[in-house]
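# Secondary and tertiary structure notes
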Amino acid sequence: MSVVLLKESRKDLIINQVNLHTRITLTELASTLNVSEDTIRRDINDLAEEGKLIKIRGGAMSKAYHYSSQPVESYAHESKRIIAEKAVTLLKDGMLVLMGGGTTIREFIKLIPDELKATFLTVNPLTAVELLDKPNLEIIMIGGPISRYSQMAVGGDVYQRLSEVRVDLCIMGTNALDAKEGLTDSNWETVQAKKAMIRASDKIAILAISEKMNSVMSMKVADLREIDYLVTELPATSSMLAPYQGGKTKVL
């Protein structure tokens, strides 16, 4: 950005970026808004005190993603519901499914049919708890140190356990997606956990609202050609999805 924004405009943009990406670092916000990290840190402190986001180490998190006894409607809720409706068609009885976490995943879990009989593995504690509402699922939590950035279990034990399984389908969200750069994120531990999930899976489905498309973060998770299904709220025939069509990836 070539201009310096007034404080309130800057704070509005911070909230938008946090809601869009679920979580974002000080460095990324400072680069996007063309200000210092100290300025962004002060803005995040203000916004956290106002109850508009959650301050985490090195950045900020959406209130909708943070665990709370009082649920908060997620950003782009209707779009995420449409994505969930499409993604649930990928499920079949008897599947072994590996799941990540996030607000779109939460919408997906709500729509899993109660009669589905399958086994779900997850590295996300909140996902495991939410899956407990489904009476016919077997749920396996792969545990380890929990990343404050992504709320995923991370570390060597997690990667080892994932290397010992082969699942039918992996369902995860993404912080950024680009036709050329693929899936990217900005946290090293989270990137390694997601790479391990992909290696453990026969098929991979990425759930992403269209606003996350054509965006790139600092660390590569996977190339688009590694993804079997890209699920967005847009019709598969949308011109915006044209760069993502073709090859291995099926756009839903």
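Structure: above.
Everything numeric in this text was worked out from a predicted model, so none of it was measured. (Residues numbered from 1 in each chain as written. Predicted model: local features only at pLDDT ≥ 70, side-chain atom pairs only at ≥ 80, totals over all residues. Heavy atoms only, no water.)

### Some points on the sheet that holds strand 9 (residues 182-185)
Our working rule: Strand pairing follows a simple DSSP-based rule, namely that at least 2 bridges must link the two strands. For the purposes of this entry, the term helix denotes a DSSP run of H or I that reaches at least four residues, the term strand denotes a run of E that reaches at least two, and both are numbered from the N terminus. With axes taken as lines fitted to C-alpha atoms, and helix axes fitted only over the stretch in contact, angles between N-to-C directions fall between 0 and 180 degrees. Throughout, a residue-residue contact means that at least one pair of heavy atoms, one from each residue, lies within 4.5 Å.
The three strands lie next to each other as 8-9-11, forming an open sheet whose pairing is antiparallel. Sheet topology places strand 8 (176-178) and strand 11 (219-222) at the edges, where each strand pairs with a single neighbour. Going from strand to strand, the sheet's axes swing by 35° on average, the running direction of each strand aside. Packed onto the sheet, helix 8 (residues 188-199) meets strand 9 and strand 11 and runs at close to 15° relative to strand 11.

### Some details on the sheet that holds strand 12 (residues 229-231)
The sheet built from seven strands is open, its strands ordered 6-5-4-7-10-12-13 with parallel pairing. Every other strand in the sheet has two partners, leaving strand 6 (137-141) and strand 13 (250-251) as the edge strands with one partner each. Across four bridges, the pairing between strand 4 (residues 96-99) and strand 5 (residues 118-122) is parallel. By the bridge assignment for strand 5, Met99 is matched with Thr122.

### A short note on the nonpolar core
Spelled out, the test is: Buried residues of nine kinds, namely Ala, Val, Leu, Ile, Met, Phe, Trp, Tyr and Cys, make up a nonpolar core once their side-chain atoms join them within 4.5 Å. Only protein chains enter the accessibility calculation, which uses a 1.4 Å probe; a residue is then buried when its area is under 20% of its type maximum, exposed when over 50%, and partly exposed in between.
The biggest cluster of nonpolar side chains holds 32 residues, and the ones touching the most others in it are Leu98, Val123, Leu162, Leu177, Met197, Ile206 and Tyr244. Elements that contribute at least two residues to this core include exactly helix 7 (156-163), strand 7 (167-173), helix 8, strand 10 (201-207) and strand 11. A total of five residues in this core trace back to one element, the largest contributor, which is helix 8. In contact with Leu98, not counting residues within four places along its chain, are Leu121, Thr122, Leu162, Val167, Leu169, Cys170, Ile171, Met197, Ala200 and Ser201. Ranked by size, the runner-up nonpolar core spans 26 residues in total, among them Ala87, Val88, Ile171 and Ala205.

Just geometry here; none of it tells us what the structure is for.
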